[in-house]
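# Fold and geometry: a report
Here is how the chains run, residue by residue.
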Amino acid sequence: MKPALEQLLRGQDQVWRGLQTDSASGIASGFTELDALLPGGGWPSGALMHWQLPQVGVGELPLLLPAMASLSRQGRRIVWLAPPYQAYAPGLQQAGVELGQLLVVACPEAADLPWALEVLLRSGGCGMALAWPKRPLAAHQTRRLQLAAEAGNALAVLFAVGHAAQARHAALQLALRRESGGLRLRIAKARGSLRQLDLLLAI
């Protein structure tokens, strides 16, 4: 390899190798069969995830509860930004989430959501942020959110409800739908992998 190329590749903040990931960098999802498919062995830490849902309540929160519980027990803040429903404290507590680490932000102005989410992710005190934007975000906005998640070592989840918006800067893109046997996950994109995979979880 030429010296100039070697020097460039050593600059970790300048070059991203798409298929290179730390095998121990993931946040365990709580579902063994899912972690086995995800690069890093779990949800990507310091990253933006984009989840496409046909409607709210298909099983997206149960899928995230084990990671929420784990991060909250580590003293990391869990933030819900503009959720379409009220957080049910007894259910969260039963799932092991430390309620003292949960913050719900109403964000009534849709235009404020990307800015608020970016600030939360960059703060360094946020372990996971879930956001329900009312309209698709622009490419430059998702790029800023991905960079903010990396800077704050936080996991961000954008829920796209009822529309087929894409977030090409997201490290992980999922499509979820409810089936009779459980929750169907289609992994459309995962940083560190070229595979597109389907998985049925009994949730």
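Small disclaimer: the values here were computed from a predicted structure and weren't measured. (Residues numbered from 1 in each chain as written. Predicted model: local features only at pLDDT ≥ 70, side-chain atom pairs only at ≥ 80, totals over all residues. Heavy atoms only, no water.)

### A few points about the pairing of strand β6 (residues 126-131)
Both faces of the sheet carry side chains from a regular strand, because those side chains alternate between them. In terms of residue burial, β6 counts as a mostly covered element, since six of its six residues are buried. In the sheet, strand β4 (residues 77-81) pairs with β6 via five bridges, with the strands oriented parallel. Looking at β6, one finds that L81 is bridged to A131. Of the crossover connections in this fold, the one passing from β6 over helix α6 (residues 139-152) to the parallel strand β7 (residues 155-161) is right-handed. (Buried < 20%, exposed > 50% of the residue type's maximum accessible area, 1.4 Å probe, protein only. Helix = DSSP H or I, 4+ residues; strand = E, 2+ residues; numbered from the N terminus. Pairing = 2+ DSSP bridges. Right-handed = clockwise from strand over helix to strand, strands pointing away.)

### Observations concerning the side chain of E118
Along the chain, the position of E118 falls in helix α5 (residues 113-122). By relative accessible area, E118 is classed as buried at 12%. Not counting residues up to four positions away in its chain, the partners in contact with E118 are R144, L145 and A148. (Contact = heavy atoms within 4.5 Å.)

### Digging into α5
In terms of burial, α5 is largely enclosed, as seven of its ten residues are buried. Within α5, the full set of buried residues consists of L113, P114, A116, L117, E118, L120 and L121. Those residues of α5 that are buried are in contact with β4, β6, α6 and β7.

### Remarks on the pattern of salt bridges
Using the criterion set out here, one finds five salt bridges in the structure. Notably, a salt bridge pairs R184 with E179, separated by 3.3 Å at the nearest N-O pair. One salt-bridge network, in which partners are shared between bridges, spans E118, R122 and R144. (Salt bridge = Lys/Arg side-chain N within 4 Å of Asp/Glu carboxyl O.)

### What about the packing of α5 against α6?
The N-to-C vectors of α5 and α6 enclose an angle of 20 degrees; their axes lie 7 Å apart at closest approach. When the axis of α5 is compared with that of α6, the two are roughly parallel. Between α5 and α6 the crossing geometry is left-handed. For the pair α5 and α6, contact is made by P114, L117, E118, L121 and R122 and by Q141, R144, L145, L147, A148, A149, A151 and G152, respectively. (Axes fitted to C-alpha atoms, helices over the stretch in contact; angles between N-to-C directions. Parallel < 35°, antiparallel > 145°, perpendicular 65-115°, else oblique. Left-handed = near helix turned anticlockwise from the far one by under 90°.)

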